[in-house]
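Chain by chain, the residues:
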Amino acid sequence: DQQVKQNSPSLSVQEGRISILNCDYTNSMFDYFLWYKKYPAEGPTFLISISSIKDKNEDGRFTVFLNKSAKHLSLHIVPSQPGDSAVYFCAASGPNQGGKLIFGQGTELSVKP
Amino acid sequence: KAGVTQTPRYLIKTRGQQVTLSCSPISGHRSVSWYQQTPGQGLQFLFEYFSETQRNKGNFPGRFSGRQFSNSRSEMNVSTLELGDSALYLCASSLGPGQGQGYTFGSGTRLTVV
């Protein structure tokens, strides 16, 4: 039972344009959502998060949007840079779940110069 | 400061053997979580320890176990290895059992079962 889904395994974007990565979830108990970035041979690196009481969180070039009614979140990267090329994972956690994160399958982003 | 250290980085074991993986958290971090990453299943939560106590457990068989020591270092053990246990095992540490963003991941241990 895949509670967090990233339906696009890959995404290719031109440098300078917007990258939009999508994530859907099924468990309405999730109250915290995160995006991680992962390079090969490294562990995931935290990027940005959002609590379920918000619908948007921004950090520099990265913005996460949360649509609770649709159980959908998205990560926008503007402008995209070649160094952003990596695998992006969305993750979710529920109340009092601490470090128990439920991850999506990941989307491989390729930003072309 | 040093990050999360996982040893060994690579490991090859034979079916039926057992293996122990080690994780040294960032100094001062007391919470450690373990994840398994495979191409088919993605990143899956194994267990979480805080102050030597298991706080959460994922849906893995009893062959997978872990523990945390008084210095917060953690080990996970897999007994009676199966081919399907081949994966990247990731450890993450945090000051306390927060909600994800406080967790720093190590680079993982790549386990291959032959």
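Above this note sits the structure.
Now for a look at the structure at hand. What you see is a predicted model, and the numbers here were worked out from it, not measured in a lab.

This next bit is on the pairing of strand β9 (residues 87-94) of chain B. Residues and elements named next belong to chain B. Burial runs high along β9: eight of the eight residues are buried. On β9, burial covers both faces: Ala87, Tyr89, Cys91 and Ser93 on one face and Leu88, Leu90, Ala92 and Ser94 on the other are all buried. Here strand β4 (residues 31-38) pairs with β9 via seven bridges, running antiparallel. Bridge pairing in β9 links Tyr35 to Leu90.

Residue and element names in this part refer to chain A. Pairing is antiparallel across the open sheet formed by five strands, whose spatial order is β1-β3-β8-β7-β6. Looking at the sheet topology across the chains shown, the edges are occupied by β1 (4-5) and β6 (56-59). Where strand β3 (residues 19-25) and strand β8 (residues 72-77) come together, six bridges link them in antiparallel fashion. By the bridge assignment for β8, Cys23 is matched with Leu73.

A word on the packing of aromatic side chains. Enumeration according to the criterion identifies 13 aromatic pairs over all chains in this entry. A centroid spacing of 6.2 Å and a plane angle of 85 degrees characterise the contact between A:Phe89 and A:Phe103, whose relative ring orientation is edge-to-face. Taken together, the positions of A:Phe89 in strand β9 (residues 86-93) and A:Phe103 in strand β10 (residues 102-103) put the pair 14 residues apart, joining distant regions of the chain. Each member of the pair, A:Phe89 as well as A:Phe103, is classed as buried. An aromatic cluster of three or more residues is present, and its members are A:Tyr36, A:Phe46, A:Phe89, A:Phe103, B:Tyr35, B:Phe45 and B:Phe105.

This next bit is on the side chain of B:Gln68. Residue and element names in this part refer to chain B. Tracing the backbone shows Gln68 in strand β7 (residues 64-68). For Gln68, the side chain forms a polar contact with the main-chain oxygen of Arg30, separated by 3.1 Å. Other than its neighbours up to four places away in sequence, Gln68 contacts Arg30, Val32, Tyr49, Phe50, Ser51, Glu52, Thr53, Arg73 and Ser74.

Before going further, it helps to spend a moment on the pairing of β9(A). Residues and elements named next belong to chain A. With seven of eight residues buried, β9 lies mostly within the body of the structure. Relative to β9, strand β4 (residues 32-38) is paired through seven bridges, and the arrangement is antiparallel. The partner of Tyr36 across the bridge, within β9, is Phe89. Bridge count between β9 and strand β11 (residues 107-112): three bridges; the pairing is antiparallel. Note that in β11 the partner of Tyr88 across the bridge is Thr107.

Conventions we followed
Residues numbered from 1 in each chain as written. Chains lettered and ligands numbered in written order. Predicted model: local features only at pLDDT ≥ 70, side-chain atom pairs only at ≥ 80, totals over all residues. Heavy atoms only, no water. Buried < 20%, exposed > 50% of the residue type's maximum accessible area, 1.4 Å probe, protein only. Helix = DSSP H or I, 4+ residues; strand = E, 2+ residues; numbered from the N terminus. Pairing = 2+ DSSP bridges. Phe/Tyr/Trp six-rings, centres within 6.5 Å; stacked < 30°, edge-to-face > 60°. Polar contact = N/O pair within 3.5 Å; in protein donor to acceptor, adjacent residues only side chain to side chain. Contact = heavy atoms within 4.5 Å.

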